[in-house]
Every structure is written in C-alpha cells, then in structure tokens.
Amino acid sequence: MFTALFVMTGIALVLGAGLGFAAIKFKVEGDPLVDKIDAILPQTQCGQCGFPGCRPYATAIAGGEAEINQCPPGGEEGIRKLADLLGREFKPLSEEHGVEKPKSVAIIDENTCIGCTLCIQACPVDAIVGAAKQMHTIVAAECTGCELCLAPCPVDCITMEPIAETVDTWKWRYPVFQIAPAALGTARQEA
Amino acid sequence: MINSPFVRKAASVQSVMLQVLLALVPGIAAYVWFFGAGILVQIAIASAAALAGEAAMLAIRGKPKAIFLTDLSAVVTAWLIALTFPPIAPWWLTVTGTLLAVVVVKQLYGGLGQNPFNPAMAAFCLMIVAYPALMSQWPAAGQLDFKTQLDLIFGGLRQVDAITGATPLDALRTALRAAANPDSQVHGLRAAQLMDGPAFGFLGGKGSEWIALGYLVGGLWLIQRKIITWHIPFAFCAALLVTAGLLWGVRPDAFASPVFHLASGGAMLGAFFILTDPVSGATTPRGKLLFAAGAAILTYVIRTFGAYPDGIAFATLLMNILVPIIDMKTQAPVFGHKKD
Amino acid sequence: MLRKLFKFHGGVKPQTNKERSTTAPIAAVPLPDRLVIPLHQAVGGHPRPLVQPGDRVFKGQRIGGADGNLSSAVHASTSGLVRDVAPAVMPHTSGLTTLSVIIEPDGEDRWGELDKVNYRSTPPDELRDFLRDAGVVGLGGAVFPSYLKLKPGKEGKLKTLVINGAECEPFITCDDMLMRERAGDMLKGILAMRHMLQAEEVLIGIEDNKPQAVAAVQAAIAASGQSGIEAVAIPTRYPAGGAKQLIRVLTGIEVPHGRRSTDFGVQCFNVGTAFSIYEALELGRPLISRLVTVAGNVDAPRNYDVLIGTPMDHLVRLAGPRADTDRYIMGGPMMGVRLPAFDVPVVKATNCILVGSEAMFPAPAPEMPCIRCGECAKACPADLAPFELYWFSRSKNFGKAQEYHLFDCIECGCCSFVCPSHIPLVDYYRFSKSEIWAREREKEAADAARDRFEFKNHRQEREKLEKAEKLAAKAAATREKVAADGATAPAAGSDAAPAAKPAPDAAKRALIEAAMEKARQQKAQAAPRNTEQLSPDVQAEIADIEARREIVAKPAASPLPPQDA
Ligand code: SF4
Ligand code: SF4
Ligand code: SF4
Ligand code: SF4
C-alpha cells in the first residue's frame, strides 16, 4: 500500500515539476497587442474609462472586454488610432465616460492648502510634492491632468488650469485649401 | 493668413497647358497640309465636348468652374484625342471618346491632378476596343477633300474600304506574318518594300513623317521652355530605336527599321506630349527614364505582334499602372545623403 | 587664381530688389521712449531675468542670464529704468507673448563697465563662456548661440571656416552694407573665430551681385596682411546663403540634416556674427544692437544700426512707410515671418523689416490641385520631392512624410515660389513638422507618466508588503509576549488592536477638521499683503476690486460640493 502511495506521490511530483518548468519555460512574454494599445492611450491614468489606469484598460480592450471609445483624454484622435490598430469601426467617444477637455494641469492654491496629504495619495503619477502639514505643490511638468486629486482635497484648493500655449508648443495650423482668395485682414486687425 | 514665401514666380497651370497647346501647332499645321482641314473640325468637336463634360462634372462635384475650365487641361486632352483618333472618325465617336476621357477617366477620379491614367489614351483604348473598325480608318494623304471629310464626319457616308487603305503599321504586321510564312502569297509585301512604297507614313501615305517632325519641333520647344524635361522623350526614342534596331538587325526583311518606327504612328506625339503628361507619368528623373523606356518597348511589342494599329495608347496605360511603384523606387538621394 | 566652385541642386532667382536700400550709408536711430527686450531671443533655453521693475540699468548690463547649456545672455541696450518684467508680444507669427524686460531709456546711453578679453591668451572654454555671457548669437536669422559653434571638431582643428556674406534673400542688404562699411572690424572678428577653431583656411562667400562688398572685404584682407583668407564671389542664386548650400558651393561638402558640420571639417558663420564677436572680444560690448534693413513699401529703404528692443514701428517711421502699409515681415520675402503687430521689438534675429502692402505682396492666385509637374522638385535645394511631401502632409501621413525626409527641408520656399498650382507647400511642411514635434512631446510625456504610474504602483505594493510584514512581526511579538505574560490579560492583546485602529483615524479627521476651520478663517480674512502704507485712493481701488471679487466668487462658492464627493 505504501508503495502505491509512494508511486502516486512520485508521479504527482514529476508531473508537477514538469508543469512548473513548462510554465516558466513557455511563459507568455507580455501581450504585445496590449503594449501597442497602451502606447496609444494618453497615460493620464485618470480611470475615466472605468479601469484603474491606462494599462488595465489596454488589457481589457485587447481581451475584447471593453469598447475603444471610453477614454476621454485620448479623445477622438485616440479612438481613431485604436480603430486603425485593431481594425475596428470608429465610434464617437462614449458620453458616459466623459468629454474631451483641453489639456490642463492641476494647481494647488498654496494659501489654502492645509497639508493633509490626501492629494498626494490620490495622484497616480506622484506629481504632488509636500509633507504632512506642509503646503503642497504640483510639479506641472509631471501632472497628467487626471483630476483625481480634486475630489479628495477637503478644502477644495486644487483647480485645473488649461495649459497655455507658448512659443515652444505653438503649432502651425493646417493650411486651408482655399479656392477663393482668402479674406485679407491687416496685420493689426489680426493681432 | 498668408505665410512666406510672399513672392511667387508668375506660373500657372493655365500657362503650362497653353504652352503645350502652342507646341502642338506645328504638328497640326503639317497634318492640315497633308491631310486636309478635317482635323481642325475634329479638334473643335473634341474641345467643345471636353469643356462641356468638364463643366457638367464640375457643377455636379460642386467645384468652381471659372478656375478649372480655364486651366485648359481639358483642352489639352481634347486635342490629343483629336490627333490620335482617325481624322474621319464620325463626330459621335470623337464626342464619346472625349466625354469618356474627361468625365470618367479624369473627373470621376477626382479631377485635375488626380487621374492615375492618361485620359486621352484611356479613351483611345476604350474606343478601339468598342469600335475597332471605325477607329482604324486612315485615309492617305491628299486622298479626301475637305467636303468629303465633312461628310464622313457628320454625314452617314461610310464607304470604309473604298476610301481607306491599311495603315503602314497594319501593313507591317501583315508583312511580318507573310515573312513568317513565306509560302503565303497574301499581301506579298516585305517590310523593306513597304518602306519604299507609297504608304510610308503613319496615317496612311506620305506626309506623316512631316507631322512627326512638327511634333518633334514643338516638343523640343517645350523642353527649351522647361515645361517638360528631356528624360521621357529621350528614353522613349532611345528605347524604341534600340529595340527596333535589334530585331531589324536580325531580320531586316521581316521587321521594320528603327527610323520607320520613330516616324510612324504616334511615336513623336507619344514621346513629347502623351507620356510627358505629368499627372499620370513618373516624376523622378530616373523614374521618367524607366517609365518611357518601358512604354517604348511595350509600344514596339504591341505594334509588331499585337492586334491593334498602334501600341502607344496601351503602352501608356500599362506604364501608368506602374508609376507609383516606379516613383517610390526611384526617389533620388537627398542633400547630404548622397554617396558620391 | 580662380577657385573651383560647386553647385547645389535647384534654387530660384527671384527679383533681388536690393539696389534702393544700398544707396545711403548705415544710419543711426534716435532712442525710442521704450525698449522691449524679450529674454528668449535665441535658439535654446529661456534666460532668467536678472533685474526687477524699478532697477536702473546701464547700457550693456546683463538683464537675462543664460540658463542651461543651450542658451545665451541678454543685455540692456541702453541705460535707463526697468519699467516692467512682463510678457510682451514677440516678433513671431503666432502673436504669442514672451517674458520681456521693458526699459525706459534715460537718454544718457551710458555704458556700464566693459571687460574685454585677449582671445589669444585666454583658454577656449573661458572664451566661449565670455561669448555666451556677451549674448553673441548667429545674426543670419537662425540665432543659434555662437559659442556652441565655436568648438573645433574631434581633431581639435578645422579645415575650412566659411563666412556667410551671401545674403541671397531679396530686399535684405544689411550684410552687404556691413561688409562695405565695416569690413576691417568684421575681419578682426573672423580672425578671432579662426583662432578659436584653429581653421586652416577662411572662405568668405559673397553673392556676385555685391561687387562693392567683395572689393571692400578683399581690400580689408589685403590690408591685414593675413594669408589663407579669401573673399569668394559666388553665383547669385537663392538660397546660396543657406548655410548648407554655401558650404556646398565653397567646399563641395554636403552636411546632412542632423549632423554637425564640424564633423566634416567646416563651420559657417554670418558676417554680422563676425562683427559682433569683434565687438564683444575687442571692445567688450555685448550684443545690444544690429544692422537692420528697412525695405519694401517705404519711400527710402535703408539700413539702420538698431538697438535690440526698439519697437519696429519706431524704426520704420524713419524710412517713410507708405499709406497702404498693412503688414511687417521680419526677414525677406522668401523665408520671412509675417508679424502679428507693428510695435513688436527688433530682436537679434531681425535682419530686415520688410514693409508690405497688398499691392506689393498680393495674395497668390487660388490654390489648385498638384499636377505633379515636378517644378518644385527641380527647384528644391535639398533634393527633396516636395510634391510627395505635400501629399503626405496634406493627408496627415506624417510617418511617410518623414520617410521622404521632411526634416531635411530647410523651408527655403523655392517650391512654393515655382509651383504653378500656387500651393502653399511650405505651410504644409511647417504644419507637419510642428505636428510631429507636438506628438513627440506628447509621447514623451505619456511615457514619463506611464513610468511614474508604474513606479507608484510598485511602491504601493512594496509598502503594503512591508506594512503587512511589520504587522505580522508585531503580532507575533505580541503573541509571544502574551504567551510569556501568561493569563494576566488574555483578551487585551487581541481586542486592543482593532479597537485602537479607528482611534488614529478619528484623531486624524479631527485634525483635518481643525485645519480646515483654520483655513476657512484664513480664507475669509485673507487680506492682500503690503496694503499698510497705501494712499487712500489706492485703498479705495483695492476695496473696489475686493467687492468685485466677492461677486465673482459667490456663484462659484455656493454650490460647494460636500466634502465626500
Ligand atoms: S480614461 Fe484615463 S485611465 Fe482610462 S485610458 Fe484614458 S487616460 Fe488612461
Ligand atoms: S496633480 Fe492631480 S491632476 Fe495632476 S496628475 Fe496628480 S492627481 Fe492628476
Ligand atoms: S510644383 Fe506644384 S503642381 Fe508642380 S509638382 Fe510641385 S506641388 Fe505639384
Ligand atoms: S521649402 Fe523645403 S521642400 Fe521646398 S524647396 Fe525648400 S527645402 Fe525643398
């Protein structure tokens, strides 16, 4: 009887080891499709899509569990790119997930901040610096504009400011395909 | 707002097209001289049809008419159609061909600048497939007076065999078959004899070499005006000469001489006016050489072994298909990336 | 001896229009009542302001310090009072503002202390720092900080130093006049650069439509007795004055996009830059003025020696603008930028103010479709296929546009110049380029955000683990202790822990409440500072503003969401 038990355990062990080895050996190295989708998502990490961050949403899209039109920060262009990548039909942004807004950054009113650290915990990208009971500041360059820090703030001292255009970010407009000569304004009127 | 550059050269599509039309004038003059004024009637019919078709399509597509009708591109297409169709083609044939070219081949593909195929040549191919007999009637030089021509164009007068002979290119093909089968007594003409015979020329009879010369003069003027570059005419003529020369060198009794090939059919018209259509042709310098050489070889093959009177039209269309790939593969190295 | 010249592909020959502005000598400009000096004038970083409103500055005093290693300093162009350090409209198509120092001249035009250097005895690194702090940048229009270009290549020396006096853009004559009138001093600057770069030979390229300039420079070279310097007349063809094209014409070398020309043994500077290097090194004067051509729709086109920061309309008034003037263009008609206003300041990049009107520069005829005529490709000095670039840019196929070398395009405008379909080709390239840059920026930001997000998640995981471990250890310790202590308080250990948990939470909440209360009070009493010693009417004004603020704040404040929202 012991022999039988022994043999059974032995077989189980060998098989288990084999399976374990196979699992390591043939482990699927991250899903490249998820990476590709993730590369299109804006990485705002705001959760408006209904997932805790861009990558989980990317995984869900790749798994066919989510629509491609749930990311408001990515906007229409993002949806188009996803549609192209996945060969799916373009859909307008789903309203229940939000609306496309101009890119903004959060600003803390430093006079009102009480240093409660709640916003620091909420920020998905560690863009807020400050210690307990000390005034907090947002590192604008790192803020993704996800708005997650707004709600937790007990004194409502965080506001979203649209990012102003500077010479470094100013873009040339798409030239208008003009058939009729353009209306001509003077330099001063246009200024 | 308008940005730099704030100054521009005085150039326009209209002036380019106008110069192309002007360059056609010597050839047309020779045509009238040898074959009568009927061709002028054909040119008028085609031009009117082209403008009417273009206007209608522009109206349907909601594009401004004033600009696009006066760019003269439709007129160039019309003239090329008139010059490649038989001069005694009935008016409705010319009109149908022109409308096909302008409405279907050009406007339905998006209008000026968008057509992948040369409109005039596409129309020629369609019509010759649909009306092979009518598209193959070429009177000999001086054979018909203006009145008869008008009757043929507008009236029902249609005594096909009585008034038209086989074009030299047709005769050539027959001669080739004859040579391939020496026992056959049908059309015992040899290619060599053919060229000395009265039918040397393209539209049937002496004179066509003068028309070709007219096109050559106009074409050279276009090169001098920098409207076209030398690449396409040069490569076309060179490739045609070489191909024809090779086969002629092997069997001069069966194949026509290179000079015959250059001077007959639409060779000169093709080299300087048809293949050089910028919209449907290759654009890089090396691409142009390839494009034109390919067209020349195809022309030769179709002329010699095919079933249709001239090969330029089919050769042009076939090469048009290859243009995107030719252009892509022949992009010249840019500044600083050359390895010389 | 005739030098062998090379050719570049393409190019065009627009009307040069240079005669009228070269008839009179360079003129001085009366001091304006206000100088607006943008801090960001050169390629690279934004210099930080070194002065505050109310400061008195000397002529040549540094008011903007170079920040980072790709930036150069900015100086007061005259002595006076700093009125403000504030954003002002800059001479740029966008019409955007940039931080500027606004100076009210005191009329004395008094220099501060000037320190010169002897370039022969100063180590190169120090010289470069000196030139950076003197604000010397390329004056040909590219405004690249010169000190960065004054480094010889890997071998420590250079074959050819090319000096650009070609000035191929129509209308512009400031380099021409500089060479005619100041060739000797310019040559001193060139010699300093030659020394810094250890250049074997110096070639000064001048288009052959400026025979007087060529003669003047040749005379100066002869007078200096230097060898290995040559003024070369090159064929007039736009854009022969593009740095790459000029290097090609003079040396046959093609410097590819994105490569340093020193790697190929050449470097190129504008003649104006050479002159300002002379001024900086030998006179100790930083770059505070430059030559500007005023041409176009004016009665008397002319060149002026202009202080940086002079409002353009102040300058143009001297040349007599005609009544129908409706625009200023900075630069020439081929590459110039249309300005958003008339009173923008002259900056280091301003080589020319082209005064324009509708009659002078009429809008092009309506744009037609591209007929692939290849004219643009024939004219492109960068050997590109502009119509393909146009096609890809138009359809926003940026990947393809880059494959067809969009970034090798120097935006010279030759293609737009010749296009029979009047397509604003360059506009399409500018659009594509700025779109691609924007996307790159976005991508960088997204990648950074992803990394930070992942790092945060990782950190939280780790903290959770550590906390759990600590708790487990603590629990084990307690259990041991409990076991050791025997039955003294059997329930205490296990009961106390969960009971104690809410306690700090409640305490924290109370703390937050207290802090919030304080904040509310602070907010309510928030009074603007520095209001003690104010005149009554200013205080009245403040009260007024306060009242308005209250009204504005009310609707925003009333629907204050509950804290747990
Ligand atoms: S909605 Fe927010 S979290 Fe979701 S994918 Fe878009 S940016 Fe990322
Ligand atoms: S600071 Fe606020 S808005 Fe910005 S990323 Fe952090 S949580 Fe989002
Ligand atoms: S010049 Fe204009 S019309 Fe001609 S190929 Fe270039 S873009 Fe097209
Ligand atoms: S603007 Fe660009 S594409 Fe056009 S000609 Fe100049 S370099 Fe070539």
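The structure under discussion appears in the preceding block.
What comes next concerns the included structure. What you see is a predicted model; the values in this text were computed from it and never measured. (Residues numbered from 1 in each chain as written. Chains lettered and ligands numbered in written order. Predicted model: local features only at pLDDT ≥ 70, side-chain atom pairs only at ≥ 80, totals over all residues. Heavy atoms only, no water.)

1. Re the overall build of chain A
Summing up its helical and strand segments, chain A has six helices and four strands in all. Counting the 191 residues in chain A, one finds 34% classified as buried. For chain A, contacts bridging at least 24 residues in sequence account for 50% of all contacts bridging at least 6. (Helix = DSSP H or I, 4+ residues; strand = E, 2+ residues; numbered from the N terminus. Buried < 20%, exposed > 50% of the residue type's maximum accessible area, 1.4 Å probe, protein only. Contact = heavy atoms within 4.5 Å.)

2. Points about the pattern of salt bridges
All names here are of chain C. One pass over the full model with this rule turns up 43 salt bridges over all chains. Between arginine 3 and glutamate 201 there is a salt bridge whose closest N-O contact spans 3.5 Å. Within this pair, whereas arginine 3 is found in the segment before strand E1 (27–28), its partner glutamate 201 is found in strand E10 (residues 199–207), the two being separated by 198 residues in sequence. Looking at arginine 3, the relative accessible area reads 24%, which means it is partly exposed. Classification of glutamate 201 by relative accessible area gives buried; the value is 16%. (Salt bridge = Lys/Arg side-chain N within 4 Å of Asp/Glu carboxyl O.)

3. Brief notes about the site of ligand 1
Neighbouring ligand 1 are 14 residues, the closest being Cys46(A), Gly47(A), Cys49(A), Cys54(A) and Cys71(A). Considered class by class, the residues forming the shell around ligand 1 number nine nonpolar, five polar and no charged. (Near = heavy atom within 4 Å. Nonpolar A, V, L, I, M, F, W, Y, C, P; charged D, E, K, R; others polar.)

4. Digging into unusual backbone geometry
Residue Pro5(B) is bonded to the preceding Ser4(B) through a cis peptide linkage, with omega at -5°. Residue position: Pro5(B) is located in the segment before helix H1 (13–35). Here the amide bond leading from Tyr238(C) into Pro239(C) is cis, since omega sits at -5°, within 30 degrees of zero. A positive phi angle is found at Gln198(C), which is not glycine, with a value near 55°. Mapping Gln198(C) onto the fold places it in the loop between helix H3 (174–197) and E10. Among the residues examined, Gln198(C) registers a relative accessible area of 43% and is labelled partly exposed. Phi at Lys396(C) is positive, roughly 55°, even though this residue is not glycine.

5. Let's talk about the interface of chain B and chain C
Across the boundary between the two partners, chain B contributes 36 residues, which contact 50 residues of chain C. Around 3800 Å² of area is buried between chain B and chain C when both sides are counted, 61% of it from carbon and sulfur atoms. If you sort the residues of chain B by the area they bury against chain C, Phe6(B), Arg8(B) and Phe335(B) come out on top, with a joint share of 23%. Counting the contacts that link chain B with chain C gives one salt bridge. A salt bridge links Asp327(B) to Arg372(C); the shortest N-O distance between them is 3.1 Å. In this structure, the connection of chain B to chain C is made through 15 residue pairs in polar contact (both at pLDDT 80 or more). Elements supplying a minimum of two residues to the side of chain B that touches chain C: H1, helix H3 (65–69) and helix H16 (312–329) of chain B. If one sorts the elements of the side of chain B that touches chain C by residue count, H16(B) sits on top with three residues. Tallied by class, the residues present in the side of chain B that touches chain C amount to 19 nonpolar, eleven polar and six charged. (Buried area = accessible area lost by both parts, 1.4 Å probe. Polar contact = N/O pair within 3.5 Å; in protein donor to acceptor, adjacent residues only side chain to side chain.)

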